[in-house]
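Structural description and commentary
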Amino acid sequence: MRIEGKVALISGGARGQGAAEAKLFAQEGAKVVFGDILDDQGKQVEAEINEAGGEALYVHLDVTQEADWESAVETAVSRYGKLDILVNNAGITIRKNVEDTTEEDWDRIMAINAKGVFLGIKQAIPAMRQSGGGSIINISSTAGLVGSPYSGASYAATKGAVRLLTKATAIQYAKEGIRCNSVHPGLLETPMTEDMLADAAHREERTARIPLGRIGTAEDIAYGVLYLASDEASFITGSELVIDGGATAQ
C-alpha cells in the first residue's frame, strides 16, 4: 500500500475525479476525509469506501468558506491525529469567451477554483507542520498551461492562478518538508464534461486531437495524484504533472 498510515483531505470528493481519488487513496491505505457540497452523493461515496474495507469520512465543505476548511482540517486531525495530504480537487467550469463572461461569472469561478485552493492550503499547512511535513496536490488543468478554444477565459485564468500559487507555496514551505505540486488533466470523462461530450461530432473532434487516441478517465488522474501524495515523490515539489494523452506536447 503506497500511502498506508497517512491521513488525506480531499475537496470535491462526492463524484467524478474527487471520488476516484478518495476511493484509490483508501485502497492504498490512507485514512480519507473528503468534502463537497453534494452531501447525499458524498455520503454514498463514504459508504462505498467503508463497505469495501477502507476508512473514509465525508464532511460538508464549501471551499469558498474558510470556516468550512477550518472544520474539515480539524475533523481530520481530531479523528485521525494528523494531516499528511491535501488534494485541492474541487472546481467548476464556465465555457464563455471574455466578452460573454459576466462579472458574476468571474467572481464565482475565482471564488471556487482559485480562492478555494488558497484557503485549503492556508488551513492545511499548520496541521502538516505539526505532522513534520506533508504533500499538497492542487488540481489545475492543461488550460492553466496553454490557450485553448475549448476552455472558457475565466476557467483558464483560475487554473493559471493555481499553477503559480502551487509554485509559490512549494518554495515558501520546502524547508518545512511540505511539498506542493500541481496536476494538469486534459480532456476527461467526468460529470463536468458530460454535456459537452454528449455531442458525437464534438466528441470525435476532441478525441482526434489527443495523440493517444482516447479521452482520459478520472482514474487516470487519480493515479498521478496518488504518486505525488506518496513518499515515492519525496524529491518533487513545485512541479507540474501533465496527464493529457499528449495533447499539449503538440
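Our subject is the structure that appears above.
One structure accompanies this document, and this report is about it.

Reading the values: rules and limits
- Residues numbered from 1 in each chain as written.
- Predicted model: local features only at pLDDT ≥ 70, side-chain atom pairs only at ≥ 80, totals over all residues.
- Heavy atoms only, no water.
- Buried < 20%, exposed > 50% of the residue type's maximum accessible area, 1.4 Å probe, protein only.
- Helix = DSSP H or I, 4+ residues; strand = E, 2+ residues; numbered from the N terminus.
- Pairing = 2+ DSSP bridges.
- Right-handed = clockwise from strand over helix to strand, strands pointing away.
- Phe/Tyr/Trp six-rings, centres within 6.5 Å; stacked < 30°, edge-to-face > 60°.
- Lys NZ or Arg CZ within 6 Å of the ring centre and 35° of its normal.
- Core = buried A, V, L, I, M, F, W, Y, C linked by side-chain atoms within 4.5 Å.

Description of the pairing of strand E6 (residues 178-185)
- Of all eight residues in E6, eight are buried; the element is thus mostly enclosed.
- Burial along E6 is two-sided: the face carrying Ile178, Cys180, Ser182 and His184 and the face carrying Arg179, Asn181, Val183 and Pro185 are both buried.
- In the sheet, strand E5 (residues 134-139) pairs with E6 via six bridges, with the strands oriented parallel. Looking across to E6, one finds that Gly134 is bridged to Ile178.
- For the crossover that starts at E5, traverses helix H5 (residues 153-173) and ends in the parallel E6, the hand is right-handed.
- One ladder, built from four bridges, connects E6 with strand E9 (residues 240-243); its direction is parallel. Opposite His184, over in E9, you have Val242 as the bridge partner.

What about the packing of aromatic side chains?
- Under the definition given, this model contains one aromatic pair.
- We note Arg206 situated over the ring of Tyr150; from NZ or CZ to the ring centre the distance is 4.0 Å.

Brief notes about the nonpolar core
- Membership of the largest hydrophobic core comes to 33 residues, with the highest contact counts inside it found for Leu9, Trp69, Leu83, Leu86 and Ile136.
- Ranked by the residues each element gives to this core, the list is headed by helix H4 (residues 103-131), at nine residues.
- The next biggest cluster of nonpolar side chains, apart from the first, holds 31 residues, and it includes Ile3, Ala19, Ala30 and Ile243.

This is a description of form; function is not addressed.
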